[in-house]
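One-letter residues, chain by chain:
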Amino acid sequence: MQLLDGKKILSEIIEELSEQVKAHALKGQRPPCLVAVLVGDDGASQTYVSSKEKNSAACGFTSRILRFEASLTQEQLINEIEKLNNDIEVDGFIVQSPLPKHISAQKIFDAIAPDKDVDGFNTLNTGKLTKGMDSFVPATPLGIMELLKRYKIETSGKHCVVIGRSDIVGRPLSILLSLPNANATVTLCHSRTKNLEQHTLQADIIIAALGQPEFLKAHMVKEGAIVIDVGISRIDDASKKNGFRLSGDVKFDEVSAKCAYITPVPGGIGLMTIASLLQNTMKAYHAKFEN
Ligand code: GUN
């Protein structure tokens, strides 16, 4: 079994992006700028957004976090988004989800200018993705594709089983894998799938993205399969200083003994999500400077 090391690939990508930032600086151009909008005080979101900011800075990007109280109205948030849409110093921005219940996440994602939508969540970018057109692709599925590419894992002709059909991971990933440059045969499983094991046991590549800790067990996995774990849940653990431990959707100890490659949690897809967000920000910046 070989670990697919998100930490190593994130460092490589930061190095590549830093070189590009330096090359632009030599031409007198400002660095790329990424803004994250955070509404409310969700603990996991705070951690993700801080990590995105820290890694942006490591590339030499400018980055900032805009924080708002959970009581912010949808209209006020749309106003803030309009300001970011019109700010020529901002190349890309994200609105971290989950959002408070009184705000429609899709209305918010659709208020983001498509050419600054580095999370790829708005309807125009989603539509372009389904047609195989150039677009901003959501960072987690893009990060999974990048990780497979960097480890030279072939997807063409392979049977990929995706577990979970969320808007931001499972569904876009199933599309990416089926497009002509990946050429996989894709099965998208979800909560209503019957005999899930029957599908996963046939998979060359399994992507677990359902958000249920330690769901995928060894008896569900074919010998020599490739296993990608997207889950990252906080489990109460009194023995830890912060009171919790992180768990993926895969029962790592038993599955890792059976598969050819596996991603760890933490240190796998979470870091690849950040890597792809940074690459998307560079893409937004390039589009601006090349026009
Ligand atoms: N919440 C969980 N993952 C993500 C992500 O990739 N982007 C945003 N904006 N919110 C998230």
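What you see is a predicted model, and the numbers here were worked out from it, not measured in a lab.

Residues in close proximity to the ligand include K52, V95, Q96, S97, D119, F121 and I168, which together make up its full environment. Measuring from a nitrogen atom of the ligand, one finds a backbone N or O atom of V95 at 2.9 Å. Taking S97, its main chain carries an N or O atom lying 2.9 Å from a nitrogen atom of the ligand. Considered on its own, the ligand offers 280 Å² of accessible surface; in the complex 85% of this is hidden by protein. The pocket occupied by the ligand, as judged from atoms lying within 2 Å of grid points, is the largest pocket. Split into classes, the residues belonging to the shell around the ligand amount to 3 nonpolar, 2 polar and 2 charged.

This paragraph deals with the packing of helix α6 (residues 139-150) against helix α10 (residues 269-290). Two elements in contact, α6 and α10, have axes whose closest approach is 7 Å; the angle formed by their N-to-C orientations is 100 degrees. Our classification of the angle between α6 and α10 gives roughly perpendicular. Contacts between α6 and α10 involve A139, T140, L142, G143, I144, E146, L147 and R150 from the first element and I269, M272, T273, S276, L277, Q279 and N280 from the second. Looking at the contact of α6 with α10, its residues break down into 7 nonpolar, 6 polar and 2 charged.

With that settled, consider unusual backbone geometry. At the junction of S97 and P98, the peptide bond is cis and its omega measures out at 5 degrees in the coordinates. Examined against the element boundaries, P98 turns out to sit in the loop between β4 (92-95) and α4 (105-111). Positive phi is not limited to glycine here, since N183 has a value of about 60 degrees. As for its placement among the helices and strands, N183 is situated in the loop between α7 (170-178) and β6 (185-189). Take N183: its relative accessible area is 38%, and that puts it in the partly exposed class.

What follows deals with the pairing of strand β3 (residues 62-68). A regular strand places its side chains so that they alternate between the two faces of the sheet. Here strand β2 (residues 33-39) runs beside β3; their pairing, made up of 7 bridges, is parallel. Paired with L34 across the two strands is S63, which belongs to β3. Note that the unit made of β2, helix α2 (residues 43-59) and β3 has a crossover that is right-handed.

Here we come to the state of the cysteines. Considering all chains together, one arrives at 0 disulfides under this definition. Free cysteine C160: the closest other cysteine sulfur is in C189, separated by 12 Å. Of the residues examined, C160 reaches a relative accessible area of 0% and is grouped as buried. Here C259 stays free of any disulfide, with the sulfur of C160 as its closest cysteine sulfur at 15 Å. Looking at C259, the relative accessible area reads 5%, which means it is buried.

Applying the stated criterion to the full structure yields 1 aromatic pair. Note on F109 and F121: the rings are 5.0 Å apart at their centroids and 65 degrees apart in plane angle, and the pair reads as edge-to-face. Remark: F121 occurs in the loop between α4 and α5 (123-130) and F109 occurs in helix α4; sequence separation between them is 12 residues. F121 gets classed as buried once you look at its relative accessible area, which sits at 12%. The side chain of K283 reaches across the aromatic face of F136, ending 5.7 Å from its centre.

Here we take up empty space enclosed by the protein. Enumeration over the complete set of coordinates arrives at 1 cavity of 30 Å³ or more. Its boundaries defined by the atoms lining it, the largest cavity holds a volume of some 60 Å³. Looking at the largest cavity, the residues that line it are L34, V35, A36, V49, K52, E53, S63, R64, I65, I94 and L277. For the lining of the largest cavity, the secondary structure elements donating two or more residues are β2, α2 and β3. In the lining of the largest cavity, the residues fall into 7 nonpolar, 1 polar and 3 charged.

Taking 1.5 Å as the rise per residue, helix α1 (residues 6-26) with 21 residues should run 30 Å; its terminal C-alpha atoms sit 30 Å apart, in good agreement. G6, I9, L10, I13, I14, L17, S18, V21 and H24 are the residues of α1 that are buried. If you follow the buried residues of α1, they end up packed against α2, α6 and α10. For α1, the capping residue at the N-terminal end is D5, with a side-chain oxygen 3.0 Å from the backbone nitrogen of K7.

Conventions and cut-offs
Residues numbered from 1 in each chain as written. Predicted model: local features only at pLDDT ≥ 70, side-chain atom pairs only at ≥ 80, totals over all residues. Heavy atoms only, no water. Near = heavy atom within 4 Å. Polar contact = N/O pair within 3.5 Å; in protein donor to acceptor, adjacent residues only side chain to side chain. Areas by Shrake-Rupley, 256 points an atom, 1.4 Å probe, with all protein chains shown as cover. 1 Å grid on protein atoms, 1.4 Å probe; cavity = no way out; pocket = protein on both sides within 12 Å on 5 of 7 lines; lining within 4 Å. Sits in = over half its atoms within 2 Å of the grid points. Nonpolar A, V, L, I, M, F, W, Y, C, P; charged D, E, K, R; others polar. Axes fitted to C-alpha atoms, helices over the stretch in contact; angles between N-to-C directions. Helix = DSSP H or I, 4+ residues; strand = E, 2+ residues; numbered from the N terminus. Parallel < 35°, antiparallel > 145°, perpendicular 65-115°, else oblique. Contact = heavy atoms within 4.5 Å. Buried < 20%, exposed > 50% of the residue type's maximum accessible area, 1.4 Å probe, protein only. Pairing = 2+ DSSP bridges. Right-handed = clockwise from strand over helix to strand, strands pointing away. Disulfide = S-S within 2.5 Å. Phe/Tyr/Trp six-rings, centres within 6.5 Å; stacked < 30°, edge-to-face > 60°. Lys NZ or Arg CZ within 6 Å of the ring centre and 35° of its normal. Points joined across faces, edges and corners; volume = space filled by probe spheres on them. Expected span 1.5 Å × (residues − 1).

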